[in-house]
Amino acid sequence: MYITYALITFALWGIADLFYKLGNRGEDDYNHIKTGIFVGLVMGIHATIYLLINRVDVSIMDVVKYLPISFFYISSMVIGYKGLKYLEVSISSPIQNTSGVITAILLLIFFKEKLPIPAYLAIALIFIGIIGLSLIELKENKDKRIKYRKNNPLSKIFVLTILFPLVYCVLDGLGTFLDAIYLDKLEIISEDAALVAYEYTFLIYAIISYIYIRIKNVSLELPKELSKIAAAIFETGGQFFYVFAMAGDSTIVAPIVGSYCVLSLLLGQFFLKEKLSIKQYISIAIVIIGIVILSILDI
């Protein structure tokens, strides 16, 4: 069942990524903060409804216990939102999504877990496909970066094209690794507690961020932020299924949910008219084959 949860997460986060792109276009320097506010608000509402319906026992200590993971996830997501503004001159999405495979590798190393040979092959295929997408995007966007570099300092180019996705990858990978330990390997916290703790922590971040932009006299007009709201809804839905997927078999789940950029690229081509090359289609196919193999193994 955990593979089903992982695939639902893959789909929801892929759709969320599409709306993130739509919501972070333009020159608004506060777009990434506004996106975080809506995600935190929707997550806070969901956590409250979840508590009322399921009557689960979640304490303040659970929130504190889960705080390191919440920190890594929220930090990586805000950095990811900021990087979306520079998608045309970056290799952000594919590089960010290598975090899931990196997490799987860390789990294999630290917990000495043995998987069926096909599972190793599937993880390798996903890793190769994601890295392939990164290298292809780096090469095909070279002219854009050269043109952009003429009007910007070299240090700024480094931040926009390399630092954002790498920092996201490291933070998200560490968060996923700790999640695997908390939910699967050592079972430090329950799925219910992890979900609610994370979503309420994101709500606190949203409240602080809202106060910050109001101090800066930045307006937040709901009719203009529908894409951000849609992204927040799909993000929250994905988070719900992600927690229960990770509690199943985190080593298998991590590379699947970490590959949602594949769906995002396909949706971007269809809805945003972004063009994909033959090489990108091949890389996407390799990732999908890896995901299919892992799905079959669960059956």
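The preceding data block contains the structure.
Residues numbered from 1 in each chain as written. Predicted model: local features only at pLDDT ≥ 70, side-chain atom pairs only at ≥ 80, totals over all residues. Heavy atoms only, no water.

1. Considerations on the overall build of the protein chain
We count it as follows: By definition, any uninterrupted DSSP run of H or I lasting at least four residues is a helix, any uninterrupted run of E lasting at least two residues is a strand, and each is numbered from the N terminus. Each residue gets one of three labels from its accessible area relative to the maximum for its type: buried under 20%, exposed over 50%, partly exposed in between, using a 1.4 Å probe on protein chains only. In this analysis, two residues are considered to be in contact whenever any of their non-hydrogen atoms come within 4.5 Å of each other. To be clear on the numbers: accessible area is Shrake-Rupley with a 1.4 Å probe, and residue cover counts the displayed protein chains and nothing else.
A count of helical and extended segments in the protein chain gives 14 helices and 0 strands. Counting from the amino terminus, helix and strand elements in the protein chain follow one another as α-α-α-α-α-α-α-α-α-α-α-α-α-α. A total of 299 residues make up the protein chain; the buried ones form 53% of that total. Here the analysis covers contacts within the protein chain between residues at least 6 apart in sequence; of these, 88% occur between residues at least 24 apart. With the model as given, the accessible surface of the protein chain reaches about 14,000 Å², and the carbon-plus-sulfur share is 70%.

2. Structural notes on the nonpolar core
Formally: What makes a nonpolar core is a set of buried Ala, Val, Leu, Ile, Met, Phe, Trp, Tyr and Cys residues whose side-chain atoms join them at distances within 4.5 Å.
Ranked by internal contacts, the top residues of the largest apolar core, which has 71 residues, are Tyr20, Val39, Tyr66, Tyr198 and Phe202. With sequence-adjacent residues up to four places away left out, Phe202 is seen in contact with Gly36, Val39, Gly40, Met43, Ile74, Met77 and Tyr81.

3. Focus on the pattern of salt bridges
Basically, it comes down to this: Definition used for salt bridges: Asp or Glu carboxyl oxygen within 4 Å of a side-chain nitrogen of Lys or Arg.
Applying the stated rule across the entire model yields 5 salt bridges. Here Lys224 ties to Glu221 by a salt bridge, and the two come within 3.4 Å at their closest N and O atoms. On the basis of relative accessible area, Lys224 is assigned to the exposed category, the value being 64%. Between Lys228 and Glu225 there is a salt bridge, with its nearest N and O atoms 2.7 Å apart. Each member of the pair, Lys228 together with Glu225, is buried.

4. A look at the environment of Tyr73
Defined as follows: Any N or O atom pair separated by 3.5 Å or less is treated as a polar contact, with the protein-specific requirement of one donor-capable and one acceptor-capable atom, and with residues adjacent in sequence counted only for side-chain atom pairs.
Structurally, Tyr73 is set in helix H4 (residues 67–84). Overall, Tyr73 belongs to the buried group, its relative accessible area being 5%. Note: C-alpha distance between Tyr73 and Leu171 (98 residues apart in sequence) is 6.8 Å. The contacts of Tyr73, once residues within four sequence positions are left out, are Tyr66, Asp172, Gly175, Thr176, Asp179, Tyr198 and Tyr242. A polar contact of 2.8 Å, which involves the side chain of Tyr73, links it to the side chain of Asp179.

5. A word on a nonpolar patch on the surface
What counts, and what does not: Here the term patch refers to residues with relative accessible area over 30% and no salt bridge, with like charges joined within 9 Å and nonpolar side chains (Val, Leu, Ile, Met, Phe, Trp, Tyr) within 5 Å.
Among the surface-exposed residues, Ile105, Ile109, Phe110, Phe111, Leu186 and Ile188 lie close enough to one another that they form a single nonpolar patch of about 550 Å² accessible area. Topologically, Phe111 is positioned in helix H6 (residues 99–111). When its relative accessible area of 30% is taken as the criterion, Phe111 is described as partly exposed.

6. Considerations on the packing of aromatic side chains
Spelled out, the test is: A pair of aromatic rings is counted whenever rings of Phe, Tyr or Trp (Trp by its six-membered ring) have centres within 6.5 Å, and the orientation is called stacked for planes under 30 degrees apart, edge-to-face for over 60 and tilted otherwise. Sitting over a ring, as applied to charges here, requires NZ of Lys or CZ of Arg to be within 6 Å of the ring centre and within 35 degrees of the ring normal.
Per the stated rule, a full pass over the model turns up 17 aromatic pairs. A centroid spacing of 5.8 Å and a plane angle of 80 degrees characterise the contact between Phe202 and Tyr205, whose relative ring orientation is edge-to-face. Of this pair, Phe202 and Tyr205 both sit in helix H10 (residues 191–215), 3 residues apart, roughly one helical turn. The partly exposed category is assigned to Tyr205, whose relative accessible area is 21%. Pairwise contacts between aromatic rings join Trp13, Tyr73, Tyr198, Phe202, Tyr205, Tyr242 and Tyr260 into one cluster. Sitting over the face of the ring of Phe111, Lys185 holds its NZ or CZ atom 6.0 Å from the ring centroid.

7. Regarding the packing of H4 against H10
Selection rule: To obtain an axis, a line is fitted to C-alpha atoms, over the contacting stretch when the element is a helix, and the angle between two such axes runs from 0 to 180 degrees between their N-to-C directions. Small angles under 35 degrees read as roughly parallel and large ones over 145 as roughly antiparallel, with 65 to 115 read as roughly perpendicular and the rest as oblique. Handedness of each helix crossing follows the sense of rotation of the near helix against the far helix: counterclockwise by less than a right angle gives left-handed, clockwise gives right-handed. Classification convention: Asp, Glu, Lys, Arg as charged; Ala, Val, Leu, Ile, Met, Phe, Trp, Tyr, Cys, Pro as nonpolar; all other residues, Gly among them, as polar.
Direction vectors running N to C along H4 and H10 enclose 50 degrees, while the axes themselves pass 10 Å from each other. In terms of axis orientation, H4 runs oblique to H10. In terms of crossing hand, the pair formed by H4 and H10 is right-handed. For the pair H4 and H10, contact is made by Leu67, Ser70, Tyr73, Ile74, Met77, Val78 and Tyr81 and by Ala197, Tyr198, Thr201, Phe202 and Tyr205, respectively. Its residues assigned to classes, the contact of H4 with H10 comprises 10 nonpolar, 2 polar and no charged.

The analysis is restricted to geometry; functional conclusions fall outside its scope.
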